[in-house]
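Chain by chain, the residues run as shown.
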Amino acid sequence: MKRVVYIINGPNLNLLGKRQPAIYGHETLADVEIACRRVATESNLELKFHQSNREYEIIDWIHEARETAAGIVINPAAFTHTSVAILDALNAFDGPVLEIHISNVHKREAFRHHSYVSSRADGVIAGFGTQGYTLALQRLSRLIDETATKGG
Ligand code: DQA
């Protein structure tokens, strides 16, 4: 049976490819989704790929994932640095959670160095460009397999 995984993207990532390309690159979010769907097919994963500029929508997808998904990859974008509500929602999710940032947040402004989500994440990828998404998905697939093997 295919394992369902969520990739959730936060605010402004709908502008990927147009927004600050020197930092975030020229690939669009649609390009990222295509690359992720390729990996999902190879890894026997059913992918739900979402983006929103609204915090509540992201929280609602995490709640939905509680009932339906084996794991989550999340780029919370600016909510990374502000949202206790997204952290709380992720803490209510039982499966593996991976956090991804396209840019290396640690090389940037000090306010980007703290992530609320990192205290819940099982792993963090930052600064690998959009390739971080497919790497995170491959890792998530492995983590889901390991959880299943342990009977978790
Ligand atoms: C980001 C980094 C965040 O600091 C920023 O607010 C974003 C994108 C990244 O993918 O590098 O919107 O999460």
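Each chain carries its own residue numbering, running from 1 in the direction its sequence is written. For this predicted model, a pLDDT threshold of at least 70 governs which residues receive local features, and a threshold of 80 or more governs which side-chain atom pairs are given and counted, while totals over whole chains, interfaces and linings are taken from all residues. Heavy atoms throughout the structure, all of them, feed into the side-chain values; hydrogens and water do not.

As annotated in an unreviewed UniProt entry, the protein chain carries the name 3-dehydroquinate dehydratase and comes from Bradyrhizobium erythrophlei. What UniProt states about the protein chain under its Sequence similarities (unreviewed entry) heading is, verbatim, "Belongs to the type-II 3-dehydroquinase family." UniProt, in its Pathway (unreviewed entry) section for the protein chain, records the words "Metabolic intermediate biosynthesis; chorismate biosynthesis; chorismate from D-erythrose 4-phosphate and phosphoenolpyruvate: step 3/7." UniProt positions are given in the numbering used here, feature names are shortened, and annotations may be inferred rather than shown by experiment.

### With respect to the overall build of the protein chain
Only DSSP runs of H or I covering at least 4 residues are called helices, and only runs of E covering at least 2 are called strands; the numbering of each starts at the N terminus. When helices and strands are tallied, the protein chain shows five helices and five strands. Secondary structure elements of the protein chain, listed N to C terminal, follow the sequence β-α-α-β-α-β-α-β-β-α. In summary, the protein chain has a C-alpha radius of gyration of 14 Å against a globular reference of 15 Å for 152 residues, a match within 12%. Buried, partly exposed and exposed residues are distinguished by accessible area as a fraction of the type maximum, computed with a 1.4 Å probe on protein chains only: under 20%, between the cut-offs, and over 50%, respectively. Of all 152 residues assigned to the protein chain, the portion counted as buried reaches 49%. Two residues form a contact once any of their heavy atoms are found within 4.5 Å. Residue pairs at least 24 apart in sequence account for 77% of intrachain contacts in the protein chain once pairs closer than 6 positions are excluded. Element-wise, carbon and sulfur atoms account for 50% of the exposed surface of the protein chain, whose accessible area totals about 7,700 Å². Within this scheme the basic residues Lys and Arg register as positive and the acidic residues Asp and Glu register as negative, but His and the chain ends are omitted. Charge positions are represented by NZ for Lys, CZ for Arg, CG for Asp and CD for Glu. The distance from the centre of the 16 positive side-chain charges to the centre of the 17 negative ones in the protein chain is 5 Å. Restricting the calculation to C-alpha atoms gives the radius of gyration, and the globule rule supplies 2.2 Å times the number of residues raised to the power 0.38. The method behind every accessible area is Shrake-Rupley, applied with a 1.4 Å probe, and residues are considered shielded solely by the protein chains displayed.

### Structural notes on the sheet that holds strand β4 (residues 97–101)
Strand pairing requires that DSSP identify at least two bridges connecting the strands. Sheet architecture is open: five strands sit in the order β2-β1-β3-β4-β5, paired in parallel fashion. The open sheet is flanked by β2 (45–51) and β5 (123–126), the only strands paired with a single partner. Taken pair by pair, the neighbouring strands of this sheet meet at an average axis angle of 15°, ignoring direction. Bridge count between strand β1 (residues 3–9) and β2: seven bridges; the pairing is parallel. Its bridge partner being in β2, V4 is matched across the sheet by E46. Contacts between helix α2 (residues 29–42) and the sheet are confined to β1 and β2, with β2 contributing the most and set at about 165° to the helix. The strands that helix α5 (residues 131–149) touches are β1, β2, β3 (71–75), β4 and β5; relative to β1, the one it contacts most, it runs at about 145°. Every axis in this analysis is a line fitted to C-alpha atoms, fitted for helices over the stretch in contact. Angles between the N-to-C directions lie between 0 and 180 degrees.

### Quick look at the UniProt feature "active site" (unreviewed entry) in the protein chain
The UniProt record marks Y24 and H101 with the feature "active site" (unreviewed entry), using the residue numbering of this structure. Spatial clustering of the annotated residues is evident: they stretch over 78 residues in sequence, but the largest pairwise C-alpha distance comes to 9.5 Å. Set against the second largest pocket, the annotated residues named above that line it are Y24 and H101. Among the residues examined, Y24 registers a relative accessible area of 9% and is labelled buried. With respect to the secondary-structure elements, H101 resides in strand β4. In this structure, H101 is in contact with N75, P76, T80, I125, A126, G127 and F128, ignoring residues within four places of it in sequence. In this analysis, the protein atoms alone were mapped onto a 1 Å grid. Cavities are point sets where a 1.4 Å probe fits without being able to get out; pockets are open sets with protein on both sides within 12 Å along at least five of seven lines; lining residues have an atom within 4 Å of a point.

### Observations concerning unusual backbone geometry
Its identity is not glycine, yet Q20 carries a phi of approximately 35°, on the positive side. Among the secondary structure elements, Q20 is positioned in the loop between β1 and α1 (21–24). When its relative accessible area of 44% is taken as the criterion, Q20 is described as partly exposed.

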